[in-house]
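# Working through the structure, step by step
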Amino acid sequence: ACNKSGSLYRTNCYEMCMKGAESVDSIKAVILAAGEGKRMKSTTPKVLHKVCGVEMVQRVLNACPSQCEPIVVVGHGKDKVAPFVEQTAKVVEQKEQKGTGHAVQMALPYLEGYQGKTLILAGDMPLLTQNTLECLIEKTPAQGAALLTSIAEDPTGYGRILRDENGHVSKIVEHKDATEEERLVKEVNASVYCFDNQALLQGLAQLTCDNAQQEYYLTDCIEFLVRHNKPVVAVVAEAAECMGVNDRIQLMQAEQYLQEKIKRQHMQNGVTIIDPQQVYIEENVIIGQDTILYPGVMLKGNTSIGKNCVLMGSSRIENSVIGDGVELQNSVVVESEIGSETTVGPFAYLRPHSKVGCGCKVGDFVEVKNANVGDGTKLPHLSYIGDADIGKACNIACGTIFVNYDGKIKQRSTVEDHCFIGCNVNLVAPVTVKEGAYVAAGTTVTEEVEAGS
């Protein structure tokens, strides 16, 4: 960002934050989430679209430092957005969308009389980080404001940052209101601010809609402070972090940015990803050293993968715990646990609340649901293990069905240690097969099987 003399003015946000942000008192954080998001072409409100499995507005909330008291401004889609955020934030409504300044005015009941600092964020900026916001807060001067900017190769559509001959912020001009000369400026407004709250209140009080859009611009508050010789600081951050999401293409770009960041971290920590472009990993996933991910693997939610695992194509693991040395092929694991040195698949399905022990085999076309499987037990293929407790070192042969539902209620069955269940056996719950028993092929079991029989 250059002034008329060609001098470059840039404050590196990363370098400042590496010095460590000073502790701050409790602050307000106003998150603007009232926009319609027409370009998304969706019945889902824009801020509720997900990036790496997390709603954009939730990502903005997560980026707020712990001292923040969030206030979310809702409008379009309020019936969906308000219930989503009301557990963690105060909610105010902007019934008519008259610009960003008008949106912030809706939060005045929570801002009036407050003496601290106020963050103002857009709810469609999923790549913001807490580190950057802490830096912005730290740099906010008394009686003034700090704003986040970035250098855009193509600044079309963004408000331009105009600086005076000393490099100080003099004005923010919206693209539609900018002159041809002003549109050549590449330093753009990221629509992220931190105000001394009293300065903000003064700026909000003087807003007008005398512009091309006939809207109340929050940027006019910056101009108001400049006119009254109040300090305004610009903090330049990475362009990617300042990205707003307005359509599906930008949603994809945000997803790709986070995915690349996540995968690089795992690879730097000793995980092999054969083809990163064909693997999906959400940010709360933990993966152990020397684990190999083949193309088509999807890891979601709060999932933990152990060391030395091999996860092969078309496998999805969600909110599950996988031990060390597990091999999983073309299978789905949801809200379940798999012990170390177990093999799963191909085409197995572990449904919620299933726990498979160590050294087990869950073969092709086996479905396990709400069941416990002991160490060393084999479920080779073509079986349904539903609402069951199976002991150690058992063999459950092909075609075995745990008949857990009688048309009214679901009940559990138990197979104790060292049992053999032959092919095409039906175990009609509730029933118990005692330790060491042998059930021959084709049997329908409706009564308890004694130990050793």
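Okay, so let's go over this structure. (Residues numbered from 1 in each chain as written. Predicted model: local features only at pLDDT ≥ 70, side-chain atom pairs only at ≥ 80, totals over all residues. Heavy atoms only, no water.)

## Brief notes about the overall build of the chain
So the rule is basically this: The secondary structure listing takes helices from DSSP runs of H or I that are at least 4 residues long and strands from runs of E that are at least 2 residues long, numbered from the N terminus. Radius of gyration: over C-alpha atoms. The globule rule applied is 2.2 Å multiplied by the number of residues raised to the 0.38 power. We call a residue buried when its accessible area falls under 20% of the maximum for its residue type, exposed when it is over 50%, and partly exposed in between, using a 1.4 Å probe and counting protein chains only.
In terms of helices and strands, the chain carries nine helices and 40 strands. The C-alpha atoms of the chain give 29 Å as radius of gyration, which overshoots the globular expectation for 453 residues (22 Å, by more than 25%). Considered along the principal axes of its C-alpha atoms, the chain spans approximately 95 × 45 × 40 Å. Looking at the chain as a whole, 49% of its 453 residues qualify as buried.

## Some thoughts on unusual backbone geometry
Cis geometry marks the peptide bond from Gly-345 to Pro-346, where omega comes out at 5°. Structurally, Pro-346 can be placed in the loop between β24 (343–344) and β25 (349–350). Note the cis peptide between Ala-429 and Pro-430, where omega equals -5°. Notably, Ser-191 is not glycine yet its phi reads approximately 65°, a positive angle.

## Side note on the environment of Thr-44
Looking at where Thr-44 falls in the secondary structure, it is placed in the loop between β1 (27–33) and β2 (50–51). Classification of Thr-44 by relative accessible area gives partly exposed; the value is 32%. Taking the C-alpha atoms as reference, Thr-44 lies 29 Å from Thr-118; in sequence the two are 74 residues apart.

## Brief notes about the packing of aromatic side chains
Spelled out, the test is: Only centres within 6.5 Å qualify two rings of Phe, Tyr or Trp (six-membered ring in Trp) as a pair; their planes then separate them into stacked at under 30 degrees, edge-to-face at over 60, and tilted for everything else. Whether a charge lies above a ring is judged from NZ of Lys or CZ of Arg, which has to be within 6 Å of the ring centre and within 35 degrees of the ring normal.
If you walk through the whole model with that rule in mind, you get three aromatic pairs. Between Tyr-193 and Phe-195, the aromatic rings sit 5.9 Å apart at their centres with planes inclined by 35°, giving tilted as the arrangement. You'll find Tyr-193 and Phe-195 in the same group, each marked buried. The interplanar angle of 10° and the centroid separation of 4.9 Å between the aromatic rings of Phe-420 and Tyr-438 together place this pair among those described as stacked. Of this pair, Phe-420 sits in strand β36 (residues 420–421) while Tyr-438 sits in strand β39 (residues 438–439), and the two are 18 residues apart along the sequence. What makes Phe-420 partly exposed here is its relative accessible area of 31%. Here the guanidinium or amino end of Lys-410 rests over the ring plane of Tyr-405, the centre of that ring lying 5.9 Å away.

## What to know about the side chain of Glu-187
In plain terms, the rule: Counting of polar contacts relies on pairs of N or O atoms within 3.5 Å, with two restrictions inside protein: one atom must be capable of donating a hydrogen and the other of accepting it, and residues adjacent in sequence are counted only when both atoms are side-chain atoms.
Topologically, Glu-187 is positioned in strand β10 (residues 187–196). Of note is the side chain of Glu-187, whose polar atom sits 2.8 Å from the side chain of Thr-149.

## Looking at the pairing of strand β9 (residues 169–173)
Worth spelling out the cut-off: Here the rule is simple: two strands pair whenever DSSP picks up at least two bridges between them.
In the sheet, strand β8 (residues 160–163) pairs with β9 via four bridges, with the strands oriented antiparallel. What sits directly across from Arg-163, in β9, is Val-169.

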